[in-house]
Amino acid sequence: MTPATTKTTKNDRRSDDLSNETLIGWLRDMQLIREFESRTMQAYQQAKIGGFCHIYSGQEACAVGTINSVEKSDPVVTAYRDHGHALARGMSAEACMAEMFGKITGCAKGKGGSMHMFDRPNNLYGGHGIVGAQTPLGAGLAFGARYEWEVLGTGTKKVCLCYLGDGAIDQGAFHEALNLAALYSLPVIYIIENNGYSMGTAIHRHTANADNLIARGKSYGIESIEIDGFDVRNVYDAFKPLADDCRDMQRPGFVDLKTYRYQGHSMSDPQKYRTKDEVADWKSRDPIASLLHHLMNERECISEDAWSTMEDEIKTVVREAVEAAEAAPIPDVDTELASDVYALPMDNLSPSEDYKHGLKNPLM
Ligand SMILES: Cc1ncc(C[n+]2csc(CCOP(=O)(O)OP(=O)(O)O)c2C)c(N)n1
Ligand SMILES: [Mg+2]
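Residues numbered from 1 in each chain as written. Chains lettered and ligands numbered in written order. Predicted model: local features only at pLDDT ≥ 70, side-chain atom pairs only at ≥ 80, totals over all residues.

Moving on: the overall build of the chain. When helices and strands are tallied, the chain shows 14 helices and nine strands. Scaling as 2.2 N^0.38, a compact globule of 364 residues should have a C-alpha radius of gyration of about 21 Å, and the chain matches this with 21 Å. Projected onto the principal axes, the alpha-carbon positions of the chain cover approximately 60 × 55 × 45 Å. By residue count, 44% of the 364 residues in the chain fall in the buried class. Contacts in the chain between residues far apart in sequence, at least 24 positions, make up 74% of those at least 6 positions apart. (Helix = DSSP H or I, 4+ residues; strand = E, 2+ residues; numbered from the N terminus. Rg over C-alpha atoms; globule rule 2.2 N^0.38 Å. Buried ≥ 20, exposed ≤ 12 C-beta atoms within 10 Å, placed from the backbone. Contact = placed C-beta atoms within 7 Å.)

The structure is reproduced here in structure tokens:
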């Protein structure tokens, strides 16, 4: 496909122009993610959640600021640190928590777990555990969206948000995806949630020219910008015009979104690679606290009491999500275990006794 050349709309709203209700909604979304992650850690420590589990606390402004810059119909795909994106996209805390508990009421019927949050009605296409695996998928989702709009004439102009960590930017698949995105002028924005670490390895130790990540996007001719991802209003102000342009022009974008994670890489990380002072330094400009400060003291649209009520309401939502997840049944082994797992189920996939007990791989 050749690049689209006509601009259809131009929307240059900035966060200052948005209503108090909208910004209070962002505050609620970010606090929901923070509270959800606190209870997730608790449930994990109580062995109610198994497998790998990566906490999003600290990065809330990234998902909330970018997802609120696009339409619900725009596809979103991300890596395994995905609870925040799922909640910001509109997945219920109940479906998200149940997924981690491995219960049938989870968004992927309990078969995906923490790293595989899927929500087709909300156009969230995962949750992917292989580092960088989602980046060609982002190009594919954008190709599909543009094909529907331009060739089939069945859809509207869309832009795909494809998130990845700073640890994924050296993967070959990512560079192949960037090349195709630029070559075919695909409407996908690659958003590097640059929290400075790939597991325990600081970015300067794993990536060349780490202070200039946008050089990588630019080298493919893709518009590339750096954004401070610790302030949700700033994320929106910088990201919204890019997202609008990528949609209008049906072309790709690249963002180095600078952020920080408060917790370890996963639940089993002793965090010996960083100091407590470093963590405290980032926490001193916490994204939730700074939005709250803006709403309380500059816009004067939320009181101490209203904030306290909001916190309590969110605690209740998340506590009820945990209770519901505990009470829900696990997927039925005979009818559910292999369903929705393979696109083309093979004849021998009906669960055998061995398979049920995890003794034998049915494909071997
Ligand atoms: C292809 C591949 N290699 C290695 C791993 C192991 N691994 C899991 S997470 C991770 C670090 C990724 O860091 P980053 O992309 O910065 O994401 P963050 O955890 O900071 O969100 C690695 C190396 C993997 N899952 N997939
Ligand atoms: Mg990282």
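Moving on, we get to the packing of helix α1 (residues 20-45) against helix α12 (residues 304-327). Where α1 contacts α12, the two axes come as close as 9 Å, and the packing angle between them is 40°. One element, α1, and the other, α12, form an angle in the oblique class. With respect to the hand of their crossing, α1 and α12 are arranged in right-handed fashion. Here R28, Q31, L32, E35, F36, R39 and A43 of α1 come into contact with α12, specifically with M310, E311, I314, K315, V317, V318 and V322. Within the contact of α1 with α12, the residues separate by chemical class into eight nonpolar, one polar and five charged. (Axes fitted to C-alpha atoms, helices over the stretch in contact; angles between N-to-C directions. Parallel < 35°, antiparallel > 145°, perpendicular 65-115°, else oblique. Left-handed = near helix turned anticlockwise from the far one by under 90°. Nonpolar A, V, L, I, M, F, W, Y, C, P; charged D, E, K, R; others polar.)

Next up on the list: helix α11 (residues 287-298). Given a rise of 1.5 Å per residue, 12 residues ought to cover 16 Å, and the 16 Å separating the end C-alpha atoms of α11 matches this to within 8%. The complete set of buried residues in α11 reads P287, L291 and L295. Projected down its long axis, α11 carries its buried residues within an arc of 65°, all on one side. For α11, the exposed residues lying more than 90 degrees away from the buried face are A289, H293 and N297. At its buried positions, α11 is contacted by α1, α2 (60-67) and α9 (232-249). One or two positions beyond α11, positive phi appears at E300, with a value near 50°. (Expected span 1.5 Å × (residues − 1). Arc of directions from axis to C-beta.)

Around ligand 1 there are 14 residues in total, and V131, G165, G167, A168 and S198 lie nearest to it. Considered class by class, the residues forming the shell around ligand 1 number five nonpolar, seven polar and two charged. (Near = placed C-beta within 6 Å.)

Locating A321 in the fold gives a position in helix α12. Distance from A321 to F36, taken between C-alpha atoms, is 9.1 Å for residues 285 residues apart in sequence. With residues near it in sequence (within four places) discarded, A321 still touches A93, E94 and M97.

Our focus in this paragraph is the confidence of the model for the chain. For the chain, per-residue confidence averages 92 on the pLDDT scale, and residues scoring 70 or more make up 91% of the total. Predicted confidence for residues 5-11 stays below pLDDT 50, and this span has seven contacts to residues more than four positions away or in other chains. Between residues 355-364, whose pLDDT stays under 50, and residues either more than four places distant or in other chains, the model counts eight contacts. (pLDDT = per-residue confidence, 0-100.)

Moving on, we get to the nonpolar core. Counting 87 residues, the largest nonpolar core has C162 and I189 as the members making the most contacts within it. Among the elements that take part in this core, α9 stands out by supplying nine residues, more than any other. Discounting chain neighbours no more than four positions away, the residues touching I189 are V159, L161, C162, L242, A243, C246, P252, G253 and V255. (Core = buried A, V, L, I, M, F, W, Y, C linked by C-beta atoms within 7 Å.)

This part is about the pairing of strand β5 (residues 188-194). The buried fraction of β5 is high, at seven of seven residues. Here β5 shows two buried faces, one formed by V188, Y190, I192 and N194 and the other by I189, I191 and E193. Across six bridges, strand β4 (residues 160-165) lies against β5 in parallel orientation. By the bridge assignment for β5, C162 is matched with Y190. Where β5 lies against strand β9 (residues 253-258), six bridges are found, and the strand directions are parallel. In the strand pairing of β9, N194 is matched with K258. (Pairing = 2+ DSSP bridges.)

On to α9, then. For α9, which comprises 18 residues, the first-to-last C-alpha distance of 25 Å matches the rise-based estimate of 26 Å (1.5 Å per residue) to within 8%. F239 marks where α9 bends most, by close to 30°; the proline P241 follows one to four residues later. Looking only at α9, the buried set comprises V232, V235, Y236, A238, F239, K240, L242, A243, D245, C246, R247 and M249. (Bend = angle between axes of the 7 residues up to and from the residue.)

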